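Structural features, examined
What follows is the residue order along each chain.
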Amino acid sequence: MMQCTRSSSIRSSAAIIGSNDDLLTEFLIFFPAKSLIRFQLVSKQWHSVISSPSFRHLHSLHHCRRRAKSQPSFLLRGAVSRFFICHPTVKRLVPFSFGFKKVNILRSCHGLLLLECRKTNFGYKDYYIFNPTTMKFRNLWLRKAFIGLCLVFDPSRSPHYRVLCLVPCENSSSRLLVYDSETHTWKDSVESYTRRQKFCGGIYWNDDVYFYKSRHIYVYGNIRLLGMIRGDREEDSILLFHVTGKIMIYRFVAEVFEVLVDFRSEGYFREGLLQFEFKNAHQFIESLAPV
Amino acid sequence: MVTTDEKGPLTAKKKSVIIRSCDGDEFLVSESAAVLSTSLKKILEEKEDRLIHLSDIDNKTLAMVIAYLSTHADDGLSDDLKRSFDQEFVSGKEFDVLKYLVLATDTLQVTCLCYTVAKKMADIMKNKLVEWVRREFDIQNDYTPEAEAEIRRLDAWAWDDRQLEDD
């Protein structure tokens, strides 16, 4: 008869879980991205599983399906390109740095950001895909003048993201360039558009991309609109507002304003000032999605 | 009386299997429960033998897995009841017990239970220190101090957390 004492097999059971790649993958998929970033340090084997693109795709897919119920976090831009992460559960603003000098977030999509960066006020604009969880980024090498730019990423449909870029042509029409992260190249799409106008941004919604034009100044007295965050379900969408010393949230369903963060006792608070820039709130999603 | 005698053992033979743990204890399990494990199902399809010997699963763990399988094979229970059974099943269990369970469910290929247990373990582990994880899983740190410092530096934000636990 086989012998099996608990104390000896507890060591081996732990060792088996910790060293079998398949079981480890199945197991690690349940962890939040932040824990996994730390657990890369457990051993080289854990590092190789957690940092492999196939695991990161699986993890993004698993968590994008389960995120719906949790409260979203945000990235807010303060003066002089200072960014803060706002976690609704801790009700504090945590400083965040991209490591670039002049940063503008153009879009946030399932954990990836589309950034516009400059080294100086009038320097070249570089466009990056940035994952604020892993701090990994990729330069898109977009040096063409464009009239619309949009990031499309939905892990439940494809592990790869695309960047759509609308560029003007000579005959006052425009054409679409598509960057695909599967090949990391820009390709000309066959479609062309007769109308040519400058857009402020693009939104990916229900399989379509909408480039939009309007640019209103969202400031009403001492209330400023920071942004609208679209939920997975339409009724989950919210508006973020800023009044002196506070970040407010408006939920469409409940039709109520709530104070999300009160930072009047923090060191960076300035009396009587609106310290966050309008239309500069973007959803922050912890994700291991590769760039 | 004769029919019952004949029918009794015959039904038992057809509907039940005996599973023996590595400590030698035997468990009588209905076949409908046993086949919820993909591995047991394969064994039963391949051979006539109604006695299955599991050389790497101990008594205590096997009893828990069988309780799970029997509950999930019970057609009289609603899905809601089964879900709350699952919650109850993993709550309050020690980490060591969960480690045995996740390994046993992996061997027996009971996917749903493997998920439930792994998820519970992740919940316990997510705020633990790296040193705690190495200890629990008996993993040697194979990084040089320089390499370890470099990785910590690259992802500094994930470490800036005062809530990490070591027990």
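The structure presented is a predicted model; accordingly, all values stated were derived computationally and were not measured.

What to know about the overall build of chain B
Within chain B, the secondary structure is distributed over 10 helices and three strands. Taken over 167 residues, chain B has a buried fraction of 40%. In chain B, of all internal contacts separated by at least 6 residues, the share reaching a separation of at least 24 is 60%. About 9600 Å² of surface is accessible on chain B, with carbon and sulfur atoms providing 51% of the total.

Here's the deal with the nonpolar core
Phe27, Leu28, Phe39 and Trp46 of chain A together with Met125 of chain B are the most contacted members of the largest nonpolar core, which has 59 residues in total. Those residues in contact with Met125 of chain B that lie beyond four places of it in its chain are Phe27, Phe31, Phe39 and Trp46 of chain A together with Phe95, Trp132, Val133 and Phe137 of chain B. Cys109, Leu112, Tyr161 and Leu177 of chain A belong to the second-largest nonpolar core, a separate cluster that totals 19 residues.

Examining the pattern of salt bridges
The tally for this structure, following the rule as stated, stands at 14 salt bridges over all chains. Between Lys125 of chain A and Glu116 of chain A there is a salt bridge; the shortest N-O distance is 3.8 Å. For the salt bridge of Arg264 of chain A with Asp262 of chain A, the shortest nitrogen-to-oxygen distance reads 2.7 Å. What makes Arg264 of chain A partly exposed here is its relative accessible area of 45%. Using a relative accessible area of 34% as the deciding quantity, one classes Asp262 of chain A as partly exposed. The network of salt bridges with common partners includes Glu131, Arg134, Glu148 and Arg152 of chain B.

Describing the side chain of Thr105 of chain B
Residues and elements named next belong to chain B. Examined against the element boundaries, Thr105 turns out to sit in helix α6 (residues 95–108). Taking relative accessible area as the criterion, Thr105 reaches 1% and is therefore assigned buried. Excluding its chain neighbours within four sequence positions, the residues that come into contact with Thr105 are Val110, Leu113 and Cys114.

A look at the domain arrangement of chain B
How big an interface is tends to be stated in terms of accessible area lost as the parts join. Residues and elements named next belong to chain B. The domain boundaries assigned to chain B delineate domain 1 (2–127) and domain 2 (129–159). Opposite the six residues of domain 1 that make contact, domain 2 presents five residues. Both faces considered, domain 1 and domain 2 share a buried interface measuring about 420 Å² in area, 68% of it formed by carbon and sulfur atoms. When the buried surface of domain 1 facing domain 2 is broken down by residue, Phe95, Lys99 and Met125 rank first, second and third, together holding 77% of it. Taken together, the links from domain 1 to domain 2 amount to one salt bridge. Across the salt bridge formed by Glu136 and Lys99, the nearest N and O atoms sit 3.0 Å from each other.

As for the UniProt feature "domain: SKP1 component POZ" (unreviewed entry) in chain B
Taking the UniProt record as the reference, the feature "domain: SKP1 component POZ" (unreviewed entry) is found at residues 15–73 of chain B. Structurally, residues 15–73 of chain B comprises 49% helix and 22% strand, and the distance from its first C-alpha atom to its last is 13 Å.

Remarks on the sheet that holds strand β4 (residues 102–109) of chain A
Adjacent strands of a sheet pair through backbone hydrogen bonds, lying either parallel or antiparallel. Residues and elements named next belong to chain A. Across the sheet, which stays open at both edges, the four strands sit in the order β4-β5-β6-β7 with antiparallel pairing between neighbours. On the outer flanks of this sheet lie β4 and β7 (136–139), each paired with one strand and no other. Between one strand axis and the next, the sheet turns through 25° on average, direction left out of account. Relative to strand β5 (residues 112–118), β4 runs antiparallel, the two being bridged by seven bridges. Counted as the bridge partner of Cys109 is Leu112 from β5.

Things to note about the pairing of strand β3 (residues 92–96) of chain A
Consecutive side chains along a regular strand alternate between the two faces of the sheet. Residue and element names in this part refer to chain A. Inspection of the sheet shows strand β2 (residues 83–87) paired to β3 by five bridges, in the antiparallel sense. Each residue of the ladder has a partner; that of Ile85, found in β3, is Val94. Linking β2 to β3, which pair antiparallel, is a turn of four residues; within it Lys91 sits at a positive phi near 55°.

A look at helix α7 (residues 111–125) of chain B
In a regular helix each residue adds 1.5 Å, so 15 residues correspond to 21 Å; α7 of chain B covers 21 Å between its end C-alpha atoms and thus fits that length. If you check which residues of α7 of chain B are buried, you get Leu113, Cys114, Thr116, Val117, Ala118, Met121, Ala122 and Met125 of chain B.

With respect to the pairing of strand β8 (residues 148–152) of chain A
Residues and elements named next belong to chain A. Most of β8 sits inside the fold, with five of its five residues counted as buried. Residues Gly148, Cys150 and Val152 of β8 are buried on one face, and the alternating residues Leu149 and Leu151, pointing to the opposite face, are buried as well. In this structure, β8 lies alongside strand β9 (residues 162–168), joined through five bridges in antiparallel fashion. Bridging from a neighbouring strand, Leu151 pairs with Val163 of β9.

A few points about the sheet that holds strand β2 (residues 26–30) of chain B
All names here are of chain B. One open sheet accounts for three strands, arranged β2-β1-β3; its pairing is mixed. On the outer flanks of this sheet lie β2 and β3 (51–53), each paired with one strand and no other. Geometrically, the sheet is characterised by an average inter-axis angle of 30° between neighbouring strands, direction not taken into account. Relative to β2, helix α4 (residues 59–73) is tilted by about 10°, and along the sheet it contacts β1 (16–20) and β2.

Side note on the UniProt feature "domain: F-box" (unreviewed entry) in chain A
Mapped onto the present numbering, the UniProt feature "domain: F-box" (unreviewed entry) falls at residues 21–57 of chain A. With 76% helix and 0% strand, the stretch residues 21–57 of chain A has end C-alpha atoms that lie 16 Å from each other.

Topic: the confidence of the model for chain B
All names here are of chain B. Counting all residues, the mean pLDDT for chain B is 83, and 86% of those residues have values of 70 or more. Ranking the helices and strands of chain B by mean pLDDT puts α4 first, with 92, and helix α1 (residues 2–15) last, with 46. A low-confidence stretch, residues 1–13 (pLDDT under 50), is modelled with two contacts involving residues beyond four sequence positions or located in other chains. In the model output, the complex is listed with pTM 0.73 alongside ipTM 0.77.

Details of unusual backbone geometry
All names here are of chain A. Phi at Met135 is positive, roughly 60°, even though this residue is not glycine. Looking at where Met135 falls in the secondary structure, it is placed in the loop between β6 (126–131) and β7. When its relative accessible area of 22% is taken as the criterion, Met135 is described as partly exposed. One non-glycine residue, His184, lies in the positive phi region at around 55°. Tracing the chain through its elements places His184 in the loop between β10 (174–180) and β11 (185–193). For His184, a relative accessible area of 28% puts it in the partly exposed group.

About the cut-offs
- Residues numbered from 1 in each chain as written.
- Chains lettered and ligands numbered in written order.
- Predicted model: local features only at pLDDT ≥ 70, side-chain atom pairs only at ≥ 80, totals over all residues.
- Heavy atoms only, no water.
- Helix = DSSP H or I, 4+ residues; strand = E, 2+ residues; numbered from the N terminus.
- Buried < 20%, exposed > 50% of the residue type's maximum accessible area, 1.4 Å probe, protein only.
- Contact = heavy atoms within 4.5 Å.
- Areas by Shrake-Rupley, 256 points an atom, 1.4 Å probe, with all protein chains shown as cover.
- Core = buried A, V, L, I, M, F, W, Y, C linked by side-chain atoms within 4.5 Å.
- Salt bridge = Lys/Arg side-chain N within 4 Å of Asp/Glu carboxyl O.
- Domains from an automatic or database assignment.
- Buried area = accessible area lost by both parts, 1.4 Å probe.
- UniProt positions renumbered as here; feature names shortened; annotations may be inferred.
- Pairing = 2+ DSSP bridges.
- Axes fitted to C-alpha atoms, helices over the stretch in contact; angles between N-to-C directions.
- Expected span 1.5 Å × (residues − 1).
- pLDDT = per-residue confidence, 0-100.

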